Amino acid sequence: TLTLIGRLPPKGIPASAVNAAYARECGACHAAFHPSLLPAASWQTVLGKLAEHFGEDASLPAPALAEIAGFLASHAAEAWDTEIGIRYRTVTASEPRRITTGPAWLRKHARLPDALFARKTVGNKSNCAACHGDAASGRFDDQKISVPKE
């Protein structure tokens, strides 16, 4: 059969990086971050500290936790041949589970004023989709950035 190249996922992007349990459980309180934004060890740390998840108890039932852990481990930064996947394999030693404190995130966002993240249209530093139109895909192409107005 003939496969049209436009129907294939872009290089480095697996056909699907969506997991219903992850989207449901994690996305209920915040954006279900693309798994390429942290290395597997950081995702393991996040899941190991759900009882104290950034000031909240986000504990999960064992079956959901196991499913999400498997998904994040197999789709973490190391599994992606994208700029983001490669750059986000390095995290800070002091905050290995916080995406917005990693060296790659800080470098890419260094020139942006704090006021931008405080805008109602953005909300905070972890709202990737506010500016990155392709955040859900894990691509984070510069061409897909559109900073919202006030």
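Keep in mind that what you see is a predicted model, and the values were worked out from it rather than measured.

(A) Up close: the overall build of the protein. What the protein contains, in helices and strands, is six helices and zero strands. Scanning the protein from its N terminus toward the C terminus, one meets helices and strands in the order α-α-α-α-α-α. Within the span of the protein, comprising 150 residues, buried residues form 35% of the whole. Contacts in the protein between residues far apart in sequence, at least 24 positions, make up 58% of those at least 6 positions apart. Just so you have it, the protein exposes about 9,200 Å², and 56% of that area is on carbon and sulfur atoms.

(B) A look at the environment of Arg 89. One can find Arg 89 in the loop between helix 4 (83-87) and helix 5 (103-109). A relative accessible area of 33% means that Arg 89 is categorised as partly exposed. Here the alpha-carbon distance between Arg 89 and Gly 102, two residues 13 residues apart in the chain, equals 9.3 Å. With residues up to four places along the chain from it excluded, the contact list for Arg 89 reads Pro 39, Ala 77, Glu 78 and Trp 80. Among the polar contacts listed, one links the side chain of Arg 89 to the backbone oxygen of Ala 77, at a separation of 3.1 Å. In terms of polar contacts, Arg 89 uses its side chain to reach the backbone carbonyl oxygen of Trp 80, at 2.6 Å.

(C) Local environment of the side chain of Ser 42. Within the secondary structure, Ser 42 is located in helix 2 (residues 40-48). Residue classification places Ser 42 among the buried residues on the basis of a relative accessible area of 2%. Contacts of Ser 42, omitting those with residues within four sequence positions, involve Val 91, Pro 96 and Arg 97.

(D) Spatial organisation of helix 3 (residues 62-75). An ideal rise of 1.5 Å per residue puts 20 Å on 14 residues; helix 3 measures up with 20 Å between its terminal C-alpha atoms. Those residues of helix 3 that sit buried are Ala 64, Ile 68, Phe 71, Leu 72 and His 75. Looking down the long axis of helix 3, one finds its buried residues gathered within 95° of arc, a one-sided arrangement. In helix 3, the exposed positions that point more than 90 degrees away from the buried face belong to Ala 62, Pro 63 and Ala 66. In this structure, the buried side of helix 3 is in contact with helix 1 (20-27) and helix 2.

(E) A look at unusual backbone geometry. Look at Phe 54: it is not a glycine, yet its phi comes out positive at around 50°. Residue classification places Phe 54 among the partly exposed residues on the basis of a relative accessible area of 35%. If you check the backbone angles, Phe 140 has positive phi at about 55° while not being a glycine. Relative to the elements of secondary structure, Phe 140 occurs in the segment after helix 6 (114-118). Looking at Phe 140, the relative accessible area reads 8%, which means it is buried.

(F) Just the nonpolar core, in detail. Residues Tyr 22, Leu 37 and Trp 43 are the most contacted members of the largest nonpolar core, which totals 28 residues. Secondary structure elements with two or more residues in this core: helix 1, helix 2, helix 3, helix 5 and helix 6. Apart from the residues within four sequence positions on either side, Trp 43 is in contact with Tyr 22, Phe 33, His 34, Pro 35, Leu 38, Leu 72 and Ala 76.

Reading guide: rules and limits
Residues numbered from 1 in each chain as written. Predicted model: local features only at pLDDT ≥ 70, side-chain atom pairs only at ≥ 80, totals over all residues. Heavy atoms only, no water. Helix = DSSP H or I, 4+ residues; strand = E, 2+ residues; numbered from the N terminus. Buried < 20%, exposed > 50% of the residue type's maximum accessible area, 1.4 Å probe, protein only. Contact = heavy atoms within 4.5 Å. Areas by Shrake-Rupley, 256 points an atom, 1.4 Å probe, with all protein chains shown as cover. Polar contact = N/O pair within 3.5 Å; in protein donor to acceptor, adjacent residues only side chain to side chain. Expected span 1.5 Å × (residues − 1). Arc of directions from axis to C-beta. Core = buried A, V, L, I, M, F, W, Y, C linked by side-chain atoms within 4.5 Å.

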